[in-house]
Amino acid sequence: MSHQPDSLKIVYEEPEGRPVLPVTGAYGGPTPEGSAVVAHLYVESSTLPSISSAPIDARGVVDLTKTQDVKRADVSRRVQATLVLPAETAIVVGKWLQEKGEQAISVRQQRSGREQKP
């Protein structure tokens, strides 16, 4: 007669040098055949100018207060990583992220309420 274990122990390994990535958004969607979801995780910020120019007066002095910028766009999204998840995993991870996000907001609200009290 074999003994059935009553729990499964899981160990989380953290490889040395693993990246910690800031993420402010995601772009993507289902793969064409619908077997997976692709999520390009990005950080969003104002776009840096591709070129800046400053006028030079007759004496050869550059006036940096009158700089003109040429920008490619208003916002830049730098992709930090791309995830490819089986559809079912994407749903599980999405629910987990939503739950943890709601918990974080609750903690933040509780702390800000304590900070406001005398």
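Just so we're clear, the structure is a prediction, and the values are computed from it rather than from any experiment.

S.K.: Explain a nonpolar patch on the surface residue by residue, including any values.
M.R.: Together, Leu 8, Ile 10 and Tyr 12 line one region of the surface with nonpolar side chains, adding up to about 440 Å² of accessible area. Along the chain, Ile 10 falls in the segment before strand E1 (25–30).

S.K.: Pulling in residues and values, what's your account of the pattern of salt bridges?
M.R.: Applying the stated rule across the entire model yields five salt bridges. Its salt-bridge partner being Arg 77, residue Glu 44 comes within 2.6 Å of it at the nearest N-O pair. Residue Glu 44 is located in strand E2 (residues 36–46), and its partner Arg 77 is located in strand E5 (residues 75–86); the two are separated by 33 residues in the primary sequence. Using a relative accessible area of 38% as the deciding quantity, one classes Glu 44 as partly exposed. The partner of Lys 66 in a salt bridge is Asp 63, and the shortest N-O contact between them spans 3.8 Å. When its relative accessible area of 54% is taken as the criterion, Lys 66 is described as exposed. A residue is classified by how much of its surface remains accessible, and Asp 63, at 26% relative accessible area, is partly exposed.

S.K.: Mind laying out the pairing of E1, listing which residues take part and the relevant values?
M.R.: The pairing of E1 with E2 spans six bridges and is antiparallel. In the sheet register, Gly 28 faces E2, and the bridge partner there is Ala 39. Connecting E1 to the next strand, E2, in antiparallel fashion are five residues, including Gly 34 with a positive phi near 80°.

S.K.: Can you break down the sheet that holds E1 residue by residue, with the values?
M.R.: A sheet is described by the order of its strands in space; here three strands give the open sequence E1-E2-E5, paired in antiparallel fashion. Only two strands of the sheet have a single neighbouring strand rather than two, namely E1 and E5. The average undirected angle you get between the axes of adjacent strands in this sheet is 20°.

Calculation criteria
Every chain begins its residue count from 1, and numbering advances along the sequence as written. Side-chain atom pairs in this predicted model are given and counted only at pLDDT of 80 or more, local residue features only at pLDDT of at least 70, and totals for whole chains, interfaces and linings cover all residues. Where side-chain values are given, they derive from all heavy atoms of the structure, hydrogens and water being excluded. The patches described consist of residues with a relative accessible area above 30% and no salt bridge, like charges being joined within 9 Å and nonpolar side chains (Val, Leu, Ile, Met, Phe, Trp, Tyr) within 5 Å. Computed with a 1.4 Å probe, the accessible areas rest on the Shrake-Rupley method; for each residue, only the protein chains presented here act as cover. One side-chain nitrogen of Lys or Arg within 4 Å of one carboxyl oxygen of Asp or Glu is enough to make a salt bridge. Helix and strand definitions follow DSSP, with helices as H or I runs of at least four residues and strands as E runs of at least two, each counted in order from the N terminus. Classification of residues uses two cut-offs on accessible area relative to the type maximum, computed with a 1.4 Å probe and protein chains only: under 20% is buried, over 50% is exposed, and between them is partly exposed. For two strands to be treated as a pair, DSSP must find no fewer than two bridges joining them. A fitted line through C-alpha atoms serves as each axis, taken over the contacting stretch for helices, and the angle formed by two N-to-C directions is quoted from 0 to 180°.

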